[in-house]
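These are the residues of each chain, in order.
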2 protein chains.
Amino acid sequence: MLQQIRIVLVNTTHPGNIGATARAMKNMGLAELVLVAPKHFPNEEANARSSRADDILERAIVVDTLEQALADCQLVVGTSARQRNMPWPLISPRQMAGQVFSDIAKANQAPDTQTPTMKAAVVFGREDRGLTNEELALCHYHVHIPTDEHFSSLNVAAAVQVLAYELRVAYLDSSQQVAPAWQEDWDNPWASGEDVERFYQHLEQTLIEIGFHDPNNPRLLMTRLRRLYQRTRLDQVEVNILRGILSTTQKAARGQKESN
Amino acid sequence: MLQQIRIVLVNTTHPGNIGATARAMKNMGLAELVLVAPKHFPNEEANARSSRADDILERAIVVDTLEQALADCQLVVGTSARQRNMPWPLISPRQMAGQVFSDIAKANQAPDTQTPTMKAAVVFGREDRGLTNEELALCHYHVHIPTDEHFSSLNVAAAVQVLAYELRVAYLDSSQQVAPAWQEDWDNPWASGEDVERFYQHLEQTLIEIGFHDPNNPRLLMTRLRRLYQRTRLDQVEVNILRGILSTTQKAARGQKESN
């Protein structure tokens, strides 16, 4: 589904921003870049800033007008730094990503051989003044990144990064995939309740032996220690380490007592 | 609340990335930047890439070690590109932002004149290889930006942009919401990075004295113990209890040695 999203940059001045856009796109799994009348392209600085995303630059299509860039798109989102004179449906990046994916999903669910595959475009304007009102009028939605009102001018590649990130998160959500890394594979099995209970008993016994804990005046000590270790969810290796420390501490304390 | 969040860059090589980080921060309403041993700073390219966010660069603090950068922070989030040998609680950028804001909101709701204002840090690593395992071990959470698995190396300023954006969205959401009722207030202030670091040093020293830990053959012992306690996020009373146990244990061990 990410392959059905096109990024469009209009009249980009600095080629470094085109390269950084390619890198941001590739990081987030997007591949299709269309450049409307860029000032310098192809360009060495664009390649350098793309890191190893130059395959996206090589496949980028250069056109003269935004109309050409959008000709085969069914859904167009334009980025807007501020409210214009003419009100337009203004959505957040998160709403934008949800909208794009629900539209793509609906189109893909009902394939129609008469219609080409659904394509959505997200359009970014010039470094100094964004998109014109005429260009924004070609869009179905305007998306606004919630910048600080006193410093609202985002770098264009940073804007691409934010929207590409939201698109990727929506994609991962919609495809019911959690990013694999978010599912923790712990390296050791978790300790059982029984093991942890034995650790608490060993801990309390040791604290009594070294004279830190008085069972006749327990106050909240053991409760606080239980809360600390319960919160962390101990694994088996950790329980073994902690009990090893306790045994060694007991030997030290007993050695001292015997020698007295 | 955004003023209570610090961005920390570790060993940044390219000054342009420092400038782009300052711009991304200011766009999102963040202001506090700490640089750990940057290669080139102050620097002209950093100023150029910051656009007009050079006030953030002027106020940026340069320190030698990550420990110094985190000394007064109660909550530390590290960015992690990949799963390490030893897994750590790994959260998404959105979970991270929610966690940071609920923690700051709770700390601010219960002001304690004894405790400094809650401060959270988000730490970003080197351009080529991120944060080391030792640096990640100083963090309470590891956050992973869900990049494409075949092209996962994000530009460091782009990573700052994504996380700063999520923090801003969480801030805008939280400032419109009543604090959720299900979040219980913690009874004690959280321990600072400095306090916890002193606890680890005390712990290691004690384990050596009782003969449980051999610094010449450390294996993963201290790493495992750090992971255990970082995961649980210690409060100030807990640190005091744990250090009290260590001092009492040292007395026991020293008593035994003296009597031998």
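Coordinates for the structure precede this section.
A few points on the structure. This one's a predicted model, so the numbers in the text were calculated from it and none came from an experiment.

Analysis parameters
Residues numbered from 1 in each chain as written. Chains lettered and ligands numbered in written order. Predicted model: local features only at pLDDT ≥ 70, side-chain atom pairs only at ≥ 80, totals over all residues. Heavy atoms only, no water. Helix = DSSP H or I, 4+ residues; strand = E, 2+ residues; numbered from the N terminus. Buried < 20%, exposed > 50% of the residue type's maximum accessible area, 1.4 Å probe, protein only. Areas by Shrake-Rupley, 256 points an atom, 1.4 Å probe, with all protein chains shown as cover. Contact = heavy atoms within 4.5 Å. Buried area = accessible area lost by both parts, 1.4 Å probe. Salt bridge = Lys/Arg side-chain N within 4 Å of Asp/Glu carboxyl O. 1 Å grid on protein atoms, 1.4 Å probe; cavity = no way out; pocket = protein on both sides within 12 Å on 5 of 7 lines; lining within 4 Å. Points joined across faces, edges and corners; volume = space filled by probe spheres on them. Nonpolar A, V, L, I, M, F, W, Y, C, P; charged D, E, K, R; others polar. Pairing = 2+ DSSP bridges. Axes fitted to C-alpha atoms, helices over the stretch in contact; angles between N-to-C directions. Core = buried A, V, L, I, M, F, W, Y, C linked by side-chain atoms within 4.5 Å. Expected span 1.5 Å × (residues − 1). Arc of directions from axis to C-beta. Parallel < 35°, antiparallel > 145°, perpendicular 65-115°, else oblique.

**Quick notes on the overall build of chain A**
Okay, so step 1: From N to C terminus, chain A includes 10 helices and seven strands.
Okay, so step 2: Looking at chain A as a whole, 50% of its 260 residues qualify as buried.
Okay, so step 3: As presented, chain A carries roughly 12,700 Å² of accessible surface, and 48% of it is formed by carbon and sulfur atoms.

**Quick look at the interface of chain A and chain B**
Okay, so step 1: Taken together, the contact pairs 66 residues of chain A with 69 residues of chain B.
Okay, so step 2: When chain A packs against chain B, close to 5,900 Å² is buried across both sides, 61% of that on carbon and sulfur atoms.
Okay, so step 3: Viewed at the interface, chain B and chain A are joined by four salt bridges.
Okay, so step 4: We note a salt bridge from Asp 235 of chain A to Arg 227 of chain B, for which the minimum N-O separation is 3.4 Å.

**So, the layout of surface pockets**
Okay, so step 1: In this model, the largest pocket occupies a volume close to 870 Å³.
Okay, so step 2: In terms of lining residues, the largest pocket is bounded by 39 residues, among which Asn 17, Arg 49 and Asn 155 of chain A together with Ala 20 and Arg 49 of chain B are the most central.
Okay, so step 3: Looking at which element gives the most residues to the lining of the largest pocket, the answer is helix H1 (residues 15-27) of chain A, with seven residues.
Okay, so step 4: A class-by-class count of the residues in the lining of the largest pocket yields 15 nonpolar, 15 polar and nine charged.

**Considerations on the pattern of salt bridges**
Okay, so step 1: Counting across every chain of the model gives 28 salt bridges over all chains.
Okay, so step 2: The shortest N-O distance in the salt bridge between Arg 226 of chain A and Glu 197 of chain A comes to 2.6 Å. Residue Arg 226 of chain A is found in helix H9 (residues 221-232), and its partner Glu 197 of chain A is found in helix H8 (residues 193-209); the two are separated by 29 residues along the sequence.
Okay, so step 3: Given the relative accessible area of 33%, Arg 226 of chain A is considered partly exposed.
Okay, so step 4: Residue class for Glu 197 of chain A comes out partly exposed when judged on its relative accessible area of 31%.
Okay, so step 5: In this structure, Glu 209 of chain B and Arg 254 of chain B form a salt bridge, with 2.9 Å as the shortest nitrogen-oxygen distance.

**Remarks on the sheet that holds strand E4 (residues 75-79) of chain A**
Whenever strands of a sheet pair, they do so through backbone hydrogen bonds, lying parallel or antiparallel.
Residue and element names in this part refer to chain A.
Okay, so step 1: Taken in spatial order, the seven strands of this open sheet run E3-E2-E1-E6-E4-E7-E5, and their pairing is parallel. Of all the strands in the sheet, the pair left with one neighbour each is strand E3 (61-63) and strand E5 (90-91).
Okay, so step 2: Pairing analysis gives three bridges linking E4 to strand E7 (residues 141-143), with the strands arranged parallel. Along E7, the bridge assignment pairs Val 77 with Tyr 141.
Okay, so step 3: Contacts between helix H5 (residues 93-109) and the sheet are confined to strand E1 (5-10), E4, E5, strand E6 (120-124) and E7, with E4 contributing the most and set at about 170° to the helix.
Okay, so step 4: Against the sheet, helix H7 (residues 156-174) makes contact with E1, E4, E6 and E7, and its axis sits at roughly 155° relative to E6, the strand it touches most.

**Regarding empty space enclosed by the protein**
Rolled over the atoms, a probe with the dimensions of a water molecule shows which regions are left empty.
Okay, so step 1: Taken as a whole and judged by the stated rule, the model has five cavities of 30 Å³ or more.
Okay, so step 2: Computed from the structure, the largest cavity encloses a volume of approximately 270 Å³.
Okay, so step 3: Lining the largest cavity are 22 residues, and of these Ile 245 and Leu 246 of chain A together with Tyr 229, Ile 245 and Leu 246 of chain B lie nearest its centre.
Okay, so step 4: Elements that contribute at least two residues to the lining of the largest cavity include exactly H8, H9 and helix H10 (236-259) of chain A together with helix H8 (193-209), helix H9 (221-232) and helix H10 (236-259) of chain B.
Okay, so step 5: In terms of residue class, the lining of the largest cavity is made up of 18 nonpolar, four polar and no charged.

**Looking at the nonpolar core**
The nonpolar side chains of a soluble globular protein tend to be buried, and buried together.
Okay, so step 1: Core analysis: the largest hydrophobic core is formed by 91 residues, its most contacted members being Leu 33 of chain A together with Leu 33 of chain B.
Okay, so step 2: The greatest single-element share of this core, amounting to 13 residues, is contributed by H7 of chain A.
Okay, so step 3: Dropping the residues within four chain positions of it, Leu 33 of chain A is found in contact with Ile 7, Leu 9, Ile 18, Thr 21, Met 25, Ile 56, Leu 57, Ala 60 and Ile 61 of chain A.
Okay, so step 4: Among the nonpolar cores identified, the runner-up in size contains 40 residues, and Ala 191 and Tyr 200 of chain A together with Leu 221 and Leu 246 of chain B belong to it.

**Section: H5 of chain A**
Residue and element names in this part refer to chain A.
Okay, so step 1: For H5, which comprises 17 residues, the first-to-last C-alpha distance of 24 Å matches the rise-based estimate of 24 Å (1.5 Å per residue) to within 8%.
Okay, so step 2: Those residues of H5 that sit buried are Pro 93, Met 96, Ala 97, Val 100, Phe 101, Asp 103 and Ile 104. Projected down its long axis, H5 carries its buried residues within an arc of 160°, all on one side. Residues Lys 106 and Gln 109 are exposed on H5 and point more than 90 degrees away from its buried face.

**Side note on the environment of Ala 158 of chain A**
Residues and elements named next belong to chain A.
Okay, so step 1: The topology assignment puts Ala 158 in helix H7.
Okay, so step 2: The exposure class assigned to Ala 158 is buried, which follows from its relative accessible area of 13%.
Okay, so step 3: On a C-alpha basis, the gap between Ala 158 and Asn 17 in space is 8.9 Å, while along the polypeptide they are 141 residues apart.

**Points about H9 of chain B**
All names here are of chain B.
Okay, so step 1: Between the first and last C-alpha of H9 there are 17 Å, a value that for 12 residues agrees with the 16 Å anticipated at 1.5 Å per step.
Okay, so step 2: Here H9 lies mainly inside the structure; 11 of its 12 residues are buried.
Okay, so step 3: By the burial criterion, the buried members of H9 are Leu 221, Met 222, Arg 224, Leu 225, Arg 226, Arg 227, Leu 228, Tyr 229, Gln 230, Arg 231 and Thr 232.
Okay, so step 4: Where H9 terminates, the next one or two residues include Arg 233, which has phi positive at roughly 55°.

**A closer look at the packing of H9 of chain A against H9 of chain B**
Okay, so step 1: Two elements in contact, H9 of chain A and H9 of chain B, have axes whose closest approach is 8 Å; the angle formed by their N-to-C orientations is 100°. The angle between the axes of H9 of chain A and H9 of chain B places the two elements in the roughly perpendicular class. Touching Leu 228, Tyr 229, Arg 231 and Thr 232 of chain A of H9 of chain A are Leu 228, Tyr 229, Arg 231 and Thr 232 of chain B, all from H9 of chain B.

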